[in-house]
Amino acid sequence: MRNTRHRRWTASIVAAAALGLTLTACTGDIAEEDAGDVDCSDYETYGTFDGAEVTVAGTILDLEADNLNKSWADFESCTGISVEYQGSSEFEAQIAVLAEGGNAPDVGIVPQPGLLGRLAAGGWLIPASEPVEANVDEFWSEDWKQYGTYEDTFYAAPLMASIKGYVWYSPAEFEEKGYEIPKTLDELTELSETIAAEGDHKPWCVGLESGEATGWPGTDWVEDYMLRLNGPDAYDQWVTHEIPFNDPQVAAAFDAVGGYLKNEDMVNGGIGDVSTQVTEAFQTAGLPIVDGECSLHHQASFYETFWNPDGGDEVTVASDGDVFGFLLPPASADDPLSVTGGGEFPVAFRDAEEVEAFRAYLSSDTWANNRVSLGGVISANKGVDPQNASSELLTQSIEILQDPETTFRFDGSDLMPGAVGTDSFWKGIVAWVGGEDTAQVLDTIEASWPSS
């Protein structure tokens, strides 16, 4: 039965490719080239399997997909489980269709709790096993466990994480021009106005293009401002629709962001005018900073890997390097540290021992430290040693996530119903940047919220 399902999954990938989807295939064979002699003592708890295979799919591509394979290479060698990963930029849009047709992979790395809930509601997911839940209870906060839960059933452990409120900049430019890291949102506005007035370039560079997900980087801006301007309680009420999407507090967050994204004086440094935000890929939007054509770029901690897309080290990420990041500041310097972020959740579509052994490994501190050590990512797993991170910024990010004083809120659009969080909100950002006024956009998004 497993082999039949594997053939179905492979066939679905072929069909997806025929539809023009962007796919990256990565198998354990690539990673095992570097496995060598492995100490299997950390993997004994998962058992051994003869000829077992686990198919995995997600949105992770290119260098990050290669590192994902490396992170479970020792697990493959020690357990005998072969893991085949397929990456697709359209995974989020296609996974429910594949599941409904019986063609889903064994494991899907889902980047949105809202999508997890949709898949669970469809009856396609397998609840997490006891070893997975035990790891989550040991290594993760209750909030993170809830993100992998739907209607009181626990389906998936968190995987990687990100902090979404970073503003990337050039330390050399700041030193040369005497710019200071802003401590409040008002100071950030003043800094942006100063850069714009000097006339060398527009201060901000922004890219909202992401295939079918175009617009999502703009939702991150709004979520950061919603949390900082209105606080965590209002943020939670917004995400759960206890207040409507067109509430004045939401409008205030949109308008604050609009001071940048809808302002020709502020964007789009090194790229073009305001309209180019919609066509500029989010992966490349920050690169004008390196060329001195832009000073500020709002993007998550994971963007560190995009400064060197070929995996080199030409651009150094450090407080004294080519680029670095500061957190989007609070509204008031006295406000507690509040950050938004995201993460992934490996959900299971097949009930099998090898699948749950694999998911138990992914939920462990062993996997988290292995993956963090490979660079470019962070985890909120409490068993991670922050010093294993590949850079100063990522070490700082892990410490922020592990700090019990940090107010953390998951990416709001990822928590909302799919009709909003991965549809009308994204589309609303595109329309808003394109010229629609705030009230019109918020009314449209509010009208799309499911009635039940």
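Higher on the page you've got the structure.
Below: a short report on this structure.

Reading the values: rules and limits
Residues numbered from 1 in each chain as written. Predicted model: local features only at pLDDT ≥ 70, side-chain atom pairs only at ≥ 80, totals over all residues. Heavy atoms only, no water. Helix = DSSP H or I, 4+ residues; strand = E, 2+ residues; numbered from the N terminus. Buried < 20%, exposed > 50% of the residue type's maximum accessible area, 1.4 Å probe, protein only. Contact = heavy atoms within 4.5 Å. 1 Å grid on protein atoms, 1.4 Å probe; cavity = no way out; pocket = protein on both sides within 12 Å on 5 of 7 lines; lining within 4 Å. Points joined across faces, edges and corners; volume = space filled by probe spheres on them. Nonpolar A, V, L, I, M, F, W, Y, C, P; charged D, E, K, R; others polar. Salt bridge = Lys/Arg side-chain N within 4 Å of Asp/Glu carboxyl O. Polar contact = N/O pair within 3.5 Å; in protein donor to acceptor, adjacent residues only side chain to side chain. Pairing = 2+ DSSP bridges. Axes fitted to C-alpha atoms, helices over the stretch in contact; angles between N-to-C directions. Disulfide = S-S within 2.5 Å. Parallel < 35°, antiparallel > 145°, perpendicular 65-115°, else oblique.

With that settled, consider the environment of Leu-115. Mapped onto the secondary structure, Leu-115 falls in helix H6 (residues 113-121). Overall, Leu-115 belongs to the buried group, its relative accessible area being 6%. For the pair formed by Leu-115 and Ile-95, sequence separation is 20 residues and the distance between their alpha carbons is 9.4 Å. Leaving out residues up to four positions away in the same chain, Leu-115 has contacts with Glu-92, Ile-95 and Val-110.

Tallied over the full model, the rule gives 2 cavities of 30 Å³ or more. Space inside the largest cavity adds up to approximately 50 Å³. Lining the largest cavity are Cys-205, Val-206, Gly-207, Leu-208, Pro-217, Trp-221, His-297, His-298 and Gln-299. For the lining of the largest cavity, the secondary structure elements donating two or more residues are helix H11 (216-239) and strand E9 (297-298). Class assignment of the residues belonging to the lining of the largest cavity gives a composition of 5 nonpolar, 4 polar and no charged. Estimates place the volume of the second largest cavity at around 30 Å³. When the residues that make up the lining of the second largest cavity are grouped by side-chain class, the tally is 5 nonpolar, 1 polar and 1 charged.

A few words now on the pattern of salt bridges. Under the counting rule described, the total for this entry stands at 14 salt bridges. Between Arg-350 and Asp-106 there is a salt bridge; the shortest N-O distance is 2.8 Å. Pair noted here: Arg-350 is in the loop between strand E12 (345-348) and helix H13 (353-362) and Asp-106 is in the loop between helix H5 (91-100) and strand E4 (107-110), with a separation of 244 residues, a long-range link. Relative accessible area serves as the criterion here: at 11%, Arg-350 is assigned to the buried category. You can call Asp-106 buried: its relative accessible area is 3%. Beyond isolated ion pairs, a larger network of salt bridges with shared partners links Asp-106, Arg-350 and Glu-354.

Here the focus is the environment of Glu-151. With respect to the helices and strands, Glu-151 occurs in the loop between strand E5 (149-150) and strand E6 (153-154). The spacing of Glu-151 and Ile-195 is 44 residues in sequence and 49 Å in space, taken between C-alpha atoms. Here Tyr-150 takes part through its side chain, which lies 3.4 Å from a polar atom of the side chain of Glu-151.

Along the polypeptide, His-201 turns up in the loop between helix H10 (185-198) and H11. A polar atom in the side chain of His-201 sits 3.3 Å from the side chain of Glu-173. Within polar-contact distance, the side chain of His-201 engages the side chain of Ser-295 at 2.7 Å. Among all residues touching His-201, those that are not within four sequence positions of it are Glu-173, Lys-177, Ile-195, Ala-196, Gly-292, Glu-293, Cys-294 and Ser-295.

Once that is clear, we can look at the side chain of Ser-88. Relative to the elements of secondary structure, Ser-88 occurs in strand E3 (residues 82-88). Residue Ser-88 is classed as buried on the basis of its relative accessible area, which comes to 8%.

A separate point is the sheet that holds strand E11 (residues 338-343). Read from one edge of the open sheet, 3 strands run E7-E11-E13, paired in mixed fashion. Since the sheet does not close on itself, it has two edges, and those belong to strand E7 (161-163) and strand E13 (407-410), each with one partner. Taken over all neighbouring pairs, the strand axes of this sheet differ in orientation by 35° on average, direction set aside. With 4 bridges joining them, E11 and E13 adopt parallel strand pairing. Of the residues in E13, the one forming a bridge with Val-339 is Phe-408. Across the face of the sheet, helix H15 (residues 392-402) comes into contact with E7, E11 and E13 while running at roughly 100° to E7.

Within the structure shown, the criterion is met by 2 disulfides. The disulfide that involves Cys-40 links it to Cys-78, with 2.0 Å between the sulfurs. The S-S bond linking Cys-40 to Cys-78 shows a torsion near -85°; that makes this disulfide left-handed. Linking Cys-40 in the loop between helix H2 (28-32) and strand E2 (53-58) with Cys-78 in helix H4 (residues 73-79), this pair joins segments that are 38 residues apart in sequence. Note on Cys-78: relative accessible area 11%, which makes it buried. In this model Cys-205 forms its disulfide with Cys-294; the gap between the sulfur atoms is 2.2 Å. On the sign convention where negative means left-handed, the S-S torsion of about -80° between Cys-205 and Cys-294 marks this disulfide as left-handed. Placement of Cys-205 in the loop between H10 and H11 and of Cys-294 in the loop between helix H12 (248-261) and E9 is noted, with a sequence separation of 89 residues between them. Among the residues examined, Cys-294 registers a relative accessible area of 1% and is labelled buried. Each disulfide of the protein joins two cysteines, and with those cysteines numbered along the sequence the arrangement is 1-2, 3-4.

Right, let's talk about the packing of H11 against H12 for a bit. Two numbers describe how H11 lies on H12: the axes approach to 8 Å, and their chain directions differ by 170°. With respect to each other, H11 and H12 are oriented roughly antiparallel. Listed contacts from H12 to Trp-221, Val-222, Tyr-225, Met-226, Leu-229, Asn-230, Ala-234 and Trp-238 of H11 are Gln-249, Val-250, Ala-252, Ala-253, Phe-254, Ala-256, Val-257, Tyr-260 and Leu-261. Its residues assigned to classes, the contact of H11 with H12 comprises 15 nonpolar, 2 polar and no charged.

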